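Next come the chains, spelled out residue by residue.
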Amino acid sequence: MEDRTQQEQASPAVRARVQGSFDSQGLMAHLGAHLAHIGPGRVHIVLPARPEVTQQHGYVHAGATSAIADSAGGYAALTLLDEESDVLTVEYKINLLAPAAGDHLEAIGTVLKPGRTLTVCRLEVYGVQSDGSRKLVANGQQTLIRANRPAE
């Protein structure tokens, strides 16, 4: 049975806040990543496989894989916070389980334990083939701290 949080959408206001923040990230734009799903406590980021994000063997580089995982978790946490709050990663650990191959990678950040100060997220990254088949290529865990949103 599919977890219903995979389908549930965040409110329009939360989606707009997350999208706006994501759009202001230089690294995600540089990598060519985009948001694929914004739900309460769950965010998916897609990274198309292209030569600019690969390592010497043709797989998506671990740095790019880790970056989209980190951002997916951060934005998952942000979906559960008020408008005045932001998040910063305190630490994360990633296990690279298989070469990151596929038509694209999909990083999924899921909040495991929300908190007033610290939030813990599960990170998963899948290599997705053009036929839709998926393989888990990385997983990890992340701790984020709530911060006051900087003045604009």
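Notes on the structure follow. This structure is a prediction, so every number in the text was calculated from the model and none was measured.

**Digging into the packing of aromatic side chains**
Reasoning step 1: Applying the stated criterion to the full structure yields 1 aromatic pair.
Reasoning step 2: Over the aromatic face of Tyr-126 sits the side chain of Arg-134, whose NZ or CZ is 4.4 Å from the ring centroid.

**What about the side chain of Ser-71?**
Reasoning step 1: In this fold, Ser-71 is placed in helix α3 (residues 62–78).
Reasoning step 2: Residue classification places Ser-71 among the buried residues on the basis of a relative accessible area of 8%.
Reasoning step 3: Not counting the four nearest positions on each side in its chain, Ser-71 is found in contact with Gln-25, Met-28 and Ile-45.

**With respect to the nonpolar core**
Reasoning step 1: Ile-45, Leu-47, Ile-68, Leu-105 and Val-125 are the most contacted members of the largest nonpolar core, which totals 36 residues.
Reasoning step 2: Sorting the residues of this core by element identifies α1 (12–23), α2 (26–31), β1 (34–39), β2 (42–48), α3, β4 (104–113), β5 (118–128) and β6 (134–148) as the ones contributing at least two each.
Reasoning step 3: By residue number, the principal contributor to this core is α3, which donates 9 residues.
Reasoning step 4: Excluding its chain neighbours within four sequence positions, the residues that come into contact with Ile-68 are Met-28, Ala-33, Ile-45, Leu-47, Leu-105, Ala-107 and Val-125.

**Looking at α3**
Reasoning step 1: Taking 1.5 Å as the rise per residue, α3 with 17 residues should run 24 Å; its terminal C-alpha atoms sit 24 Å apart, in good agreement.
Reasoning step 2: By the criterion of burial, α3 is predominantly enclosed, with 14 of the 17 residues buried.

**Comments concerning the environment of Gly-74**
Reasoning step 1: Take Gly-74: it is sitting in helix α3.
Reasoning step 2: Judged by its relative accessible area of 9%, Gly-74 falls in the buried class.
Reasoning step 3: For the pair formed by Gly-74 and Gly-109, sequence separation is 35 residues and the distance between their alpha carbons is 7.5 Å.
Reasoning step 4: Residues within four places of Gly-74 in sequence aside, it is in contact with Val-87, Gln-142 and Leu-144.

**Things to note about empty space enclosed by the protein**
Reasoning step 1: What the rule picks out here adds up to 1 cavity of 30 Å³ or more.
Reasoning step 2: Size it by volume and the largest cavity reaches roughly 30 Å³.
Reasoning step 3: Ala-77, Leu-81, Val-87, Gly-115, Arg-116, Thr-117, Leu-118, Thr-119, Leu-144, Ile-145 and Arg-146 together form the lining of the largest cavity.
Reasoning step 4: Counting residues per element, the lining of the largest cavity draws most heavily on β6, at 3 residues.
Reasoning step 5: Within the lining of the largest cavity, the residues separate by chemical class into 6 nonpolar, 3 polar and 2 charged.

Scoring rules and cut-offs
- Residues numbered from 1 in each chain as written.
- Predicted model: local features only at pLDDT ≥ 70, side-chain atom pairs only at ≥ 80, totals over all residues.
- Heavy atoms only, no water.
- Phe/Tyr/Trp six-rings, centres within 6.5 Å; stacked < 30°, edge-to-face > 60°.
- Lys NZ or Arg CZ within 6 Å of the ring centre and 35° of its normal.
- Helix = DSSP H or I, 4+ residues; strand = E, 2+ residues; numbered from the N terminus.
- Buried < 20%, exposed > 50% of the residue type's maximum accessible area, 1.4 Å probe, protein only.
- Contact = heavy atoms within 4.5 Å.
- Core = buried A, V, L, I, M, F, W, Y, C linked by side-chain atoms within 4.5 Å.
- Expected span 1.5 Å × (residues − 1).
- 1 Å grid on protein atoms, 1.4 Å probe; cavity = no way out; pocket = protein on both sides within 12 Å on 5 of 7 lines; lining within 4 Å.
- Points joined across faces, edges and corners; volume = space filled by probe spheres on them.
- Nonpolar A, V, L, I, M, F, W, Y, C, P; charged D, E, K, R; others polar.

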